[in-house]
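An overview of the molecular structure
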Amino acid sequence: MYHIKHDKRAEASVDLICAGMMDCLVEKSFADITISDIQRASTVSRSTFYRNFDRIEDVLSLMCDRVFEAAFSSGSEEIRQEVFSQWFKNAEIIETIVQIKRGDLLFESLRRSAARFGRFEGIEQGSQLYNYLISMIASAMMGIIVTWVEHGKKEDESELKAVVGQCFAALIAFGIV
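None of these values were measured; they are calculated from a predicted model.

1. Some thoughts on the packing of helix α4 (residues 56-72) against helix α6 (residues 91-99)
In the contact formed by α4 and α6, the axes pass within 10 Å of each other and the chain directions differ by 135°. As the angle between them shows, α4 and α6 are arranged oblique. Seen along the crossing, α4 lies across α6 with a hand that is left-handed. On α6, the residues touching L60, M63, C64 and V67 of α4 are I93, T96 and I97. Grouping the constituent residues of the contact of α4 with α6 by class yields six nonpolar, one polar and no charged.

2. A look at the pattern of salt bridges
Applying the stated criterion across every chain yields a total of seven salt bridges. Taking the shortest distance from any N to any O, the salt bridge between R112 and D65 comes out at 3.0 Å. Placement of R112 in helix α7 (residues 103-117) and of D65 in helix α4 is noted, with a sequence separation of 47 residues between them. Overall, the relative accessible area of 2% leaves D65 in the buried class. One salt bridge connects K153 with E95, and the closest N-O pair in it is separated by 2.6 Å. Here the residue K153 occupies a position in the loop between α8 (128-150) and α9 (157-173), and E95 occupies one in helix α6, the gap between them amounting to 58 residues. On the basis of relative accessible area, K153 is assigned to the partly exposed category, the value being 32%. Residues joined in a network through salt bridges with shared partners are K28, D37 and R40.

Conventions adopted
Residues numbered from 1 in each chain as written. Predicted model: local features only at pLDDT ≥ 70, side-chain atom pairs only at ≥ 80, totals over all residues. Heavy atoms only, no water. Axes fitted to C-alpha atoms, helices over the stretch in contact; angles between N-to-C directions. Helix = DSSP H or I, 4+ residues; strand = E, 2+ residues; numbered from the N terminus. Parallel < 35°, antiparallel > 145°, perpendicular 65-115°, else oblique. Left-handed = near helix turned anticlockwise from the far one by under 90°. Contact = heavy atoms within 4.5 Å. Nonpolar A, V, L, I, M, F, W, Y, C, P; charged D, E, K, R; others polar. Salt bridge = Lys/Arg side-chain N within 4 Å of Asp/Glu carboxyl O. Buried < 20%, exposed > 50% of the residue type's maximum accessible area, 1.4 Å probe, protein only.

Dropping the structure here:
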């Protein structure tokens with residue numbers, strides 16, 4: 001879990017840690033990255049890392065939260081477009097999550113972000129409907145992203161959005177939804 005104080009110094013350190021993680025991902029696979037690697041790349045101390053994060057996966061969780069935060073706080077009515085746009089800008093994070101088979105990070109991030117930004121107004125947070133809706137969205141999103149990564153990220157943002165639209169239309173046509 002991450003636990004970041006909301007002061008400029010702590011936030012600056014966290015930004016350095018996230019940038020250090022991204023630098024490390026360019027050079028190594030996630031499994032080979034150590035806290036020492038992130039520390040060196042980010043120029044923060046080991047104690048600063050542990051003041052903000054319990055483990056390396058928590059950095060990915062925060063990065064996922066930031067992506068959803070950017071999409072959900074955009075104010076756009078076209079949330080699907082915002083989510084796709086943000087994830088395309090941050091494809092390295094998604095690729096890492098797919099490679100380490102940690103879709104749960106994406107699921108939990110979506111749950112936290114949806115609750116924080118009230119994107120599902122009219123549906124009580126924590127209710128059965130809310131939990132299933134978040135589960136369906138996260139599962140669909142992860143499935144789409146995994147397929148996109150596994151197929152070599154051939155589609156650009158607009159092509160992938162169109163394919164997803166066609167998939168939903170097919171679900172409706174086949175009476176699945």
